[in-house]
Amino acid sequence: MNDIVKTLEDIVGPEFVITSKEQMESYLIDETSIPVRPTPSTECILVKPSDSNQISAIIKLANEKGIAVYPRGGGTGLVGGAIPTKVGIIVSMERMDKIVVDKENLMAEAEAGATLGQLLKAADEAELSFPPHPGDEGAQIGGLIVCNAGGARAVKHGVMRNFVKGLEVVLPTGEILKLGGKLLKDNMGYSLMHLMIGSEGTLGIVTKAFIKLTPKTERTLTLLLPFNTRHEALKCVPKILNAGVVPLALEYVEREVMELSAEHLGEKWIVSGKVFLIAILAGGENEVFSDAEKMSTIALENGGLEPSIAERRDEQESILKIRSNIYTALKPRYGDILDTTVPPSKIGELAEIIDAISEKYSAYIPVYGHAADGNVHSHVMKEDLEKYDKIKEEIYKASIELGGVITGEHGIGKIRVKELYKFLPAKQIELMRQIKKAFDPNNILNPSTVLD
Ligand SMILES: Cc1cc2nc3c(=O)[nH]c(=O)nc-3n(C[C@H](O)[C@H](O)[C@H](O)COP(=O)(O)OP(=O)(O)OC[C@H]3O[C@@H](n4cnc5c(N)ncnc54)[C@H](O)[C@@H]3O)c2cc1C
């Protein structure tokens, strides 16, 4: 390894090559829950390049020496994608974090190591907006793109894929490609850019992206619709969407997890009702109020309790903070978080099936999620880990039978490969293998991720 370290020092500078285990500890893990997190290799070198040419040289070296390369973003992934499991080089993108906003073209030109938080700030400073909120704000642009991250605000604007217009990528063989650009239309051959989006760091290292921004929305308001039963709440979702209301977000949550989250934040969840739809509405002043009225009427006609509107920023933030902290509140207690996705009209059916599974295995399985996207987050708790495989298998099977997928947001990473093989047709796996081979003939880029 010594000669590799020396060459890496020549490429990026000695201060950006780290071999000490203590200094690299946080780069060997991600946000995947400990019971299911892959074990990292103890023989890794961490490098922090500053441009694409350095990354290209690192990759060429790795090919020559036959060792793996692990692209590293913000480390917020939930499926072990960034964890180095073999001897290899971790390429952290953190120094590549510049963002330039082009107001005329409504585009941000962002280096891959810039975080979501930085992108939101840069857009805001240019009086523009990046409307989705596809992940943790510490996640990096590169990580968000290769995970095709979604988030609560996908209802109105879509997922990362809908905002990425161009990419610069270093291929696993070291060449640098520019795909797309500041373009709203591009039909020039197969879209390798869209293949990169969602490739989970297995087909190339994203170094730069052109990301679509929008003019600022004038107004947002948060609407809280309480119900006594899950059935009543979820029945309203297609009715709301059919009424022509397209909220920025439409979340489904249950009292127990909202209480847990509020308690975790030192607050109280005092709204009556057993389950809730939380909508964020965005648009013109009249539009948001008229949408809120339409949604409230639909909820009340379908068994809903008294709706409430949060207009002030602090009120809105308080509700959304409690919703977003469900994950953090449950974190010490859960063993894995699933994110299966079904056609939106089937979300109620899936929730009922999960309840039945919960009863069958005497397991507490909290369920919440992005209601209008059919994206359900269900947790298998630590105390039920001995039944984990069976519970997961049944939830996956039910989601597939309802016309869905085993993951709508978090991806396959290193912990869902077995299930990908089980639930994706063999022909699709075969084509994916051929694509991987065409991009990465020596299988050096993020091995054992998505495909083993
Ligand atoms: C609190 C919390 C909330 C979250 N909310 C959401 C949510 O709402 N929606 C959602 O979809 N996800 C969510 N996530 C998951 C996570 O934020 C996303 O998966 C995000 O896309 C990961 O980005 P990252 O930069 O942290 O990537 P990492 O975790 O560092 O890496 C993830 C994968 O991307 C690869 N990678 C990273 N950077 C690059 C690059 N430049 N080029 C090539 N490959 C690269 C890695 O090798 C790895 O395979 C959440 C996670 C947390 C902890």
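Keep in mind that this is a model prediction, so the values were computed, not measured.

What follows deals with the packing of aromatic side chains. Scanning the model with the defined rule gives 4 aromatic pairs in all. Note on Phe130 and Phe163: the rings are 5.4 Å apart at their centroids and 75 degrees apart in plane angle, and the pair reads as edge-to-face. Here the residue Phe130 occupies a position in the loop between strand E7 (128–129) and helix H5 (141–146), and Phe163 occupies one in the loop between helix H6 (154–157) and strand E8 (164–170), the gap between them amounting to 33 residues. For the pair formed by Phe130 and Phe163, the shared burial category is buried. Judged by centre distance (6.2 Å) and plane angle (85 degrees), the ring pair of Tyr396 and Phe423 falls under edge-to-face. Of this pair, Tyr396 sits in helix H14 (residues 388–401) while Phe423 sits in helix H15 (residues 417–423), and the two are 27 residues apart along the sequence. The class of Tyr396 is buried, set by a relative accessible area of 0%.

Relative to the helices and strands, Lys239 is located in helix H8 (residues 230–242). Classification of Lys239 by relative accessible area gives partly exposed; the value is 38%. Taking the C-alpha atoms as reference points, Lys239 and Lys121, separated by 118 residues in sequence, lie 35 Å from one another. With near-sequence residues (within four places) excluded, Lys239 lies in contact with Ile298 and Asn302. Side chain to side chain, Lys239 and Asn302 meet in a polar contact 3.1 Å long.

When you line up the elements, Asp440 lands in the segment after helix H16 (426–439). Discounting chain neighbours no more than four positions away, the residues touching Asp440 are Pro172, Thr202 and Leu445.

The next point concerns the pattern of salt bridges. With the rule as written, the count across this model stands at 29 salt bridges. Between Glu394 and Lys360 there is a salt bridge, with the nearest N and O atoms lying 2.7 Å from each other. Placement of the pair is Glu394 in helix H14 and Lys360 in helix H13 (residues 347–360), with a sequence separation of 34 residues. We classify Glu394 as partly exposed; its relative accessible area is 23%. A relative accessible area of 54% means that Lys360 is categorised as exposed. Residues Asp452 and Arg433 are paired through a salt bridge, measuring 3.8 Å at the closest nitrogen-oxygen approach. Of this pair, Asp452 sits in the segment after H16 while Arg433 sits in helix H16; the two residues are 19 residues apart in sequence, bridging distant segments of the chain.

Bringing the site of the ligand into the picture now. Neighbouring the ligand are 35 residues; Pro71, Gly74, Thr76, Gly77 and Gln140 lie closest to it. Residue Pro134 places a main-chain N or O atom 3.1 Å away from a nitrogen atom belonging to the ligand. Contact between the ligand and Glu409: a nitrogen atom at 3.2 Å from a side-chain N or O atom of the residue. In isolation the ligand exposes 960 Å². Once the protein is present, 93% of that is buried. Of all the secondary-structure elements, those providing two or more residues to the shell around the ligand are strand E3 (68–72), H5 and strand E10 (205–212). A per-element tally of the shell around the ligand places H5 first, with 4 residues. Here the residues of the shell around the ligand are counted per class, giving 14 nonpolar, 16 polar and 5 charged. Among the domains, domain 1 (2–92) and domain 2 (99–215) are the pair contributing at least three residues each to the shell around the ligand.

Rules used in this analysis
Residues numbered from 1 in each chain as written. Predicted model: local features only at pLDDT ≥ 70, side-chain atom pairs only at ≥ 80, totals over all residues. Heavy atoms only, no water. Phe/Tyr/Trp six-rings, centres within 6.5 Å; stacked < 30°, edge-to-face > 60°. Helix = DSSP H or I, 4+ residues; strand = E, 2+ residues; numbered from the N terminus. Buried < 20%, exposed > 50% of the residue type's maximum accessible area, 1.4 Å probe, protein only. Contact = heavy atoms within 4.5 Å. Polar contact = N/O pair within 3.5 Å; in protein donor to acceptor, adjacent residues only side chain to side chain. Salt bridge = Lys/Arg side-chain N within 4 Å of Asp/Glu carboxyl O. Near = heavy atom within 4 Å. Areas by Shrake-Rupley, 256 points an atom, 1.4 Å probe, with all protein chains shown as cover. Nonpolar A, V, L, I, M, F, W, Y, C, P; charged D, E, K, R; others polar. Domains from an automatic or database assignment.

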